[in-house]
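Listed below, chain by chain, are the residues.
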Amino acid sequence: MPKAIPYGRQEITQDDLDAVATALQHDFLTQGPQIAEFEKNFAQYVGAKHAVAVNNGTTALHLAYLTLDCGPGDTIITTPITFAATANAALYCGAQVEMADIDPTTGLIDLDQVESMLKITPRGKYKVLSPVDLAGLPVDMERCRQLADEYNLGLIEDACHAPGGSFIDSMGATRKCGDSSLADMTIFSFHPVKHIACGEGGMVTTNDDAMAKRLRLLRSHGITKDNMQEDHGSWYYEMQELGYNYRITDIQCALGNSQLKRADAGILRRREIAQRYTQAFAETAVSPLRQPKNFDNAYHLFVVLLKNRKEVYDHLRANNIFAQVHYIPLNLLPYFQTLGFAKGDFPNAELYYSQCLSLPMFPSLTNEEQDFVIAKVLEVAQ
Ligand SMILES: Cc1ncc(COP(=O)(O)O)c(C=O)c1O
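Residues numbered from 1 in each chain as written. Predicted model: local features only at pLDDT ≥ 70, side-chain atom pairs only at ≥ 80, totals over all residues.

## Overview of the domain arrangement of the protein chain
The test is simple: Marked domain ranges trace back to an automatic or database domain assignment. What counts as a contact is two residues whose backbone-derived C-beta atoms lie within 7 Å of each other. A run of DSSP states H or I qualifies as a helix once it reaches four residues; a run of E qualifies as a strand once it reaches two. Both are numbered from the N-terminal end.
Split by domain assignment, the protein chain resolves into domain 1 (5-260) and domain 2 (263-380). Inter-centroid distance (C-alpha atoms) of domain 1 to domain 2 is 24 Å. Contacts between the two partners involve 38 residues from domain 1, matched on the other side by 40 residues from domain 2. Listed by contribution, the elements that provide at least two residues to the side of domain 1 that touches domain 2 are β1 (5-6) and β7 (166-168). The element best represented in the side of domain 1 that touches domain 2 is β7, accounting for three residues.

Rendered as structure tokens:
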């Protein structure tokens, strides 16, 4: 049996190991210098003014919704084709979740449908729009910004799949995922299957000083030492609002800092792999997701649509290839059904789900391994 090939895999080099070992010998295992360094490096990488590191992408989302004062009585709009966390984090705040269907050729939220929802609903009901850069393909954030401005919405881009992605806007300017030139805040995850592995980890980027300040406050209990006065001892701190312990450690950030140095090389390799898949599947029964012009995919995943997805999935597993399905539409999950969602709510998302399969996509995938995957897919795809 050939070596197992997963759909995604982290790469840990000697430099990563050395960086973590050095962090472990430092006086501060958490709240130390690696965190600020990771924030500075990541902000520079995506082109944002601020980056606030937290312990995972879900808490990044939670803090982003809280920073926009999302709470009971508010409703957010997201897509059914995402990881549950995009919606769950709004539910943690007591807000309600609604969804717009997707474009089944890209898997991304259908912004025409979002606009229709906004048009027919009394203003004030919807508070936040949370699009997702599914598989690494950036959402049209220019259009999202227009909608957010017109309907007075907060805008949180879930770019967990897309560090390194970008698109060219209507004026010809490059907009990088996470530069937050269009979103109020952009959020990222550093789970090992993502581009940059910290074990667990997350980031919120923003260009807004007040939002960055609030995010920092909320990630550490709502406590600050900023209000120190002359007659205070240096122990003095204030808890200004109810926050959380969503801090990341220096050990994780040391790994993140080391991994970030290879981020560009990783994107190039992912794009090479995507091109090889695309060429191999041309004129076959295997349909890669559509790649719109002017949008540069960061290729967290390589998703294909297949009429006989289950058969292909089983055949790959039998050959030790562990493809995956991203995602089961949120409206089909039992918990979301207790909230009133039902099968049939989002026909495009459900069609997409019946056909999608994420093939192995990670920088250390070799050409030989990829050729084996391609051959096994083509043996049974119809
Ligand atoms: C689109 C999306 N949003 C949010 C998350 C949550 O990130 P984390 O697992 O770091 O909490 C994930 C993780 O899988 C994701 O894929």
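## Considerations on the nonpolar core
Just so we agree on the cut-off: We call a set of buried Ala, Val, Leu, Ile, Met, Phe, Trp, Tyr and Cys residues a nonpolar core when their C-beta atoms link them within 7 Å. Between the buried cut of 20 or more and the exposed cut of 12 or fewer other C-beta atoms within 10 Å of a residue's own C-beta lies the partly exposed class, and all C-beta atoms are placed from the backbone.
With 118 residues, the main nonpolar core has Ala64, Tyr65, Ile187, Val204 and Leu359 as its most contacted residues. Residue contributions to this core reach at least three from each of two domains, namely domain 1 (5-260) and domain 2 (263-380). If sequence neighbours within four positions are ignored, Ile187 has contacts with Gly57, Ala60, Leu61, Ala64, Ile156, Asp158, Ala159, Cys160, Gly202, Met203 and Val204.

## Quick word on the pairing of strand β10 (residues 202-206)
Just so we agree on the cut-off: Here, any two strands with at least 2 DSSP bridges between them count as paired.
For β10, a buried count of five out of five residues is recorded, marking the element as mostly surrounded by other parts of the structure. Judged by which residues are buried, β10 turns out to be covered on both faces: Gly202, Val204 and Thr206 on one side and Met203 and Thr205 on the other are all buried. When strand β2 (residues 50-54) meets β10, the two strands line up antiparallel, connected through five bridges. Across the sheet, residue Val52 finds its bridge partner in β10, namely Val204. Bridge analysis of strand β9 (residues 185-189) against β10 gives four bridges, and the strand direction is antiparallel. Counterpart to Thr186 in the pairing with β10 is Thr205.

## Notes on the sheet that holds strand β17 (residues 356-359)
In spatial order, the strands read β13-β15-β17; together these three strands make up an open sheet with antiparallel pairing. Because the sheet does not close on itself, it has two edges, and the strands there are β13 (287-288) and β17. Sheet analysis places β13 next to strand β15 (residues 302-305), joined by two bridges and oriented antiparallel. Within β15, the position partnered with Pro288 by the bridge is Val304.

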